[in-house]
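Take a look at the letters that make up each chain.
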Amino acid sequence: MKLRILGLRRIAALASLAVLTVALAMLAITGTRMALHAKANRTIAALAAGRDLPVELDAPDRLLMARAHFLMIRDRLDEAQPLVDRLAADRSPLAVAALYDLANARLATAISFLEKTEIDPAVPQVRLAKAGYRAALVRAPDFWDAKYNLDIAMRLVRDFPQIEQDQQDEAQETPKRLWTDLPGLPKGLP
Amino acid sequence: MRWSRSLPAARHCRTAALALFGALLAGAPAHAAGVDLYAPRAFGYLIGDTISLEAVVTLDAGWRLDESALPRPRPVTYWLDLKRLDVKPETAPDGAPRYRLTLTYQTFYSPLEPRALDIPAVPLAARKGDARQTLTIPAWTFVSSPLRELVASQRGNPMALQPDIRPRPYPLAGDAQLAAAAAAVAAASLLAFAAASGWGPFAGRSRPFATALRHMRRLPDLDAQLGYEDALQLLHRAFDEAAGQRLFAEDVPGFLALRPALAGEAEAIDRFFTASRIAFFGDAPETAMALLPPEALIDLARKLAAVERRGGTGQGTRKEAA
């Protein structure tokens with residue numbers, strides 16, 4: 001009789017001990033994650049404030065994104081590209097944003113070239129921007145800002161298939177973007 | 001999906017393609033192999049939109065679709081990607097093998113005005129042993145529309161880009177809530193553990209006499225010899241627990257001296273110990289019941305429990321004794 005009472009107390013004690021262990025583990029995990037995120041947030045804030053802090057390639061994704069954005073808006077596109085590639089390869093949810101932002105930076109660069117009527121350096125930037133918008137849209141087909149900006153890029157430098165292929169070939173092979181041209185500057189139309 | 005699947009306009013193309021050759025090779029009579037194409041709306045597509053075509057391929061018995069001849073996700077033309085292809089084997093109501101192919105395309109065409117575009121036909125192959133036949137998912141035409149004006153009608157820079165997605169810091173609120181909840185649960189379970197293990201303020205006073213009384217009342221055969229002995233045992237254990245040690249008859253005076261609240265029951269307690277000795281060690285156990293009838297035993301336990309409830313037998317006094 002007494003045993004049963006003791007048994008219940010014992011079960012209650014063990015159960016609460018189990019809950020305690022789980023809760024402490026949870027606390028440790030969330031606490032660690034919060035500490036890591038808070039540390040990353042400080043770097044993100046510093047980058048946003050314009051301090052040129054280096055970021056490793058294996059850093060957390062939001063930190064990579066912050067560094068990439070810092071580089072993009074300072075026209076250091078070649079330095080930003082590996083960070084964006086990294087985010088895209090990791091299937092990070094930020095990949096779309098990174099691809100889109102880099103494409104924006106490239107397109108803005110191209111437009112500034114065109115405003116100076118420097119066409120040769122503009123064309124590859126527009127093509128890279130188009131590829132970036134497409135990669136973003138493949139991942140997020142309903143990303144309207146990317147559609148809009150891709151449309152701008154498409155009108156700057158249109159894609160044309162070089163060779164009309166017959167239907168079977170077209171279905172089997174990927175026509176390469178063999179030739180692009182720049183039909184003219186949209187700005188300054190009569 | 002943005003369109004209704006059961007559009008009456010769904011196009012139905014039965015390509016009775018195939019060739020007599022296949023049928024002859026297979027030695028089958030006229031066969032009904034064919035492809036039905038179920039397409040969504042054929043208009044109103046913008047750059048970047050996805051288009052899902054569903055093709056139902058019905059084959060003759062014994063034939064199966066050649067998986068290696070299926071198209072792979074890839075760029076189909078410079079403006080069209082095949083994003084994914086899902087193949088679901090089924091069985092037609094008449095038992096013929098059937099495949100439901102879902103082809104998801106994405107268009108990147110940026111027309112200057114609404115323009116019809118073709119998704120090219122897709123060749124398929126079916127096999128039966130060494131026999132091979134080809135089938136075709138027919139081409140499909142849709143109208144692609146421009147996203148922006150051809151010439152900006154509003155003032156402002158027509159080349160203005162949509163803004164960047166700005167980098168954002170990690171949100172900490174969710175984790176903070178989680179951590180707070182975990183801390184609360186940890187604290188609550190620590191309290192529960194302390195209560196269950198009788199730690200600190202949760203030690204509480206055990207009530208051996210009340211417990212004994214409760215169990216004695218549940219004994220079914222208190223009036224019989226065995227039940228009576230069980231009841232005596234229960235009260236002994238209660239005394240032991242109250243004293244913090246085995247309590248024998250000779251220890252009773254010391255026990256009572258430390259617990260003045262029990263003085264009123266001293267005589268009954270003495271009688272209990274005497275009756276107990278007679279019951280367990282005497283020559284005539286039944287005389288014990290005469291000395292301390294079961295009702296008197298219950299009565300004694302009740303009185304002891306009452307004193308105990310008022311704190312007259314509690315552990316505080318036990319500590320004094322120690």
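### What to know about the overall build of chain A
Tallying secondary structure elements over chain A gives seven helices and two strands in all. Counted from the first residue to the last, chain A has its helices and strands arranged as α-α-α-α-α-α-β-α-β. The buried share among the 190 residues of chain A stands at 42%. For chain A, the exposed surface amounts to about 10,600 Å²; the carbon and sulfur share of it is 60%.

### Here we look at the interface of chain A and chain B
Listed by partner, the interface residues are 69 residues for chain A and 65 residues for chain B. Contact with chain B buries surface across chain A, with R62(A), R134(A) and R155(A) losing the most and accounting together for 11% of the total. Seen at the junction of chain A and chain B, the total is four salt bridges. Of the charged contacts, one joins D175(B) and R33(A) as a salt bridge, the two residues approaching to 2.6 Å between their closest N and O atoms. Residue assignment for the side of chain A that touches chain B shows that the elements contributing at least two residues are α1 (2-48), α2 (61-72), α4 (95-115), α5 (119-139), α6 (144-156), β1 (158-160) and α7 (167-172) of chain A.

### Some words on a nonpolar patch on the surface
On the surface, a nonpolar cluster with roughly 290 Å² of combined accessible area is contributed by L112(B), L150(B) and V151(B). Of note, L112(B) is situated in the loop between β6 (97-107) and β7 (115-119).

### Examining the nonpolar core
Ranked by internal contacts, the top residues of the largest apolar core, which has 53 residues, are M72(A), L107(A), Y133(A) and L156(A). Top contributing element to this core by residue count: α4(A), with 14 residues. Ranked by size, the runner-up nonpolar core spans 36 residues in total, among them L219(B), A238(B), A279(B) and L300(B).

### Concerning the confidence of the model for chain A
Residue and element names in this part refer to chain A. A residue-level look at chain A finds 80% of positions with pLDDT of 70 or above and a mean pLDDT of 84. The secondary structure element of chain A with the lowest average pLDDT is α7, at 45, and the one with the highest is α4, at 95. Contacts for the low-pLDDT stretch residues 163-176, under 50 throughout, to residues beyond four places or in other chains number 21 contacts.

### Remarks on the environment of R62(A)
Residue and element names in this part refer to chain A. Checked against the element boundaries, R62 lands in helix α2. Overall, the relative accessible area of 23% leaves R62 in the partly exposed class. Distance in space between the C-alpha atoms of R62 and L87 is 9.4 Å, their sequence separation being 25 residues.

### A word on the sheet that holds strand β2 (residues 50-58) of chain B
Residues and elements named next belong to chain B. What the five strands build is an open sheet, ordered β1-β2-β6-β5-β4; its pairing is antiparallel. Edge positions in the sheet fall to β1 (34-38) and β4 (74-77), since each of these pairs with one other strand and no more. Adjacent strand axes in the sheet meet at a mean angle of 35°, parallel and antiparallel pairs treated alike. By the bridge criterion, three bridges tie β4 to strand β5 (residues 80-91) in an arrangement that is antiparallel. What sits directly across from T77, in β5, is L80.

### Overview of the sheet that holds strand β3 (residues 64-65) of chain B
Residues and elements named next belong to chain B. Across the sheet, three strands lie side by side as β3-β8-β9; this open sheet has antiparallel pairing. Only two strands of the sheet have a single partner each, and these edge strands are β3 and β9 (131-137). Pairing of strand β8 (residues 122-128) with β9, which is carried by seven bridges, proceeds in the antiparallel orientation. The partner of R127 across the bridge, within β9, is R132.

### Details of the packing of α2(A) against α4(A)
Residues and elements named next belong to chain A. The contact between α2 and α4 brings their axes to 10 Å, and the two run at 5°. As the angle between them shows, α2 and α4 are arranged roughly parallel. Contacts from M65, H69 and M72 in α2 reach A97, A98, D101, L102 and A105 in α4. Here the residues of the contact of α2 with α4 sort into six nonpolar, one polar and one charged.

### Details of the packing of aromatic side chains
Counted by the stated rule, this structure contains eleven aromatic pairs over all chains. Geometrically, the ring pair formed by W79(B) and Y109(B) is edge-to-face, given 5.8 Å between the ring centres and 85° between the ring planes. Here W79(B) is found in the loop between β4 and β5, whereas its partner Y109(B) is found in the loop between β6 and β7, with 30 residues between them in sequence. Assigned by exposure class, W79(B) and Y109(B) land together as buried. Here a set of aromatic residues connected by ring pairs shows up, and it is made of Y45(B), W79(B), Y109(B), W140(B) and F142(B). The cationic tip of R41(B) hangs over the ring face of Y45(B); the distance from NZ or CZ to the ring centre is 4.4 Å. Against the face of Y148(A) rests R148(B), its NZ or CZ located 5.6 Å from the ring centre.

Rules of the game
Residues numbered from 1 in each chain as written. Chains lettered and ligands numbered in written order. Predicted model: local features only at pLDDT ≥ 70, side-chain atom pairs only at ≥ 80, totals over all residues. Heavy atoms only, no water. Helix = DSSP H or I, 4+ residues; strand = E, 2+ residues; numbered from the N terminus. Buried < 20%, exposed > 50% of the residue type's maximum accessible area, 1.4 Å probe, protein only. Areas by Shrake-Rupley, 256 points an atom, 1.4 Å probe, with all protein chains shown as cover. Contact = heavy atoms within 4.5 Å. Buried area = accessible area lost by both parts, 1.4 Å probe. Salt bridge = Lys/Arg side-chain N within 4 Å of Asp/Glu carboxyl O. Patch = residues over 30% accessible without salt bridge, like charges linked within 9 Å, V, L, I, M, F, W, Y side chains within 5 Å. Core = buried A, V, L, I, M, F, W, Y, C linked by side-chain atoms within 4.5 Å. pLDDT = per-residue confidence, 0-100. Pairing = 2+ DSSP bridges. Axes fitted to C-alpha atoms, helices over the stretch in contact; angles between N-to-C directions. Parallel < 35°, antiparallel > 145°, perpendicular 65-115°, else oblique. Nonpolar A, V, L, I, M, F, W, Y, C, P; charged D, E, K, R; others polar. Phe/Tyr/Trp six-rings, centres within 6.5 Å; stacked < 30°, edge-to-face > 60°. Lys NZ or Arg CZ within 6 Å of the ring centre and 35° of its normal.

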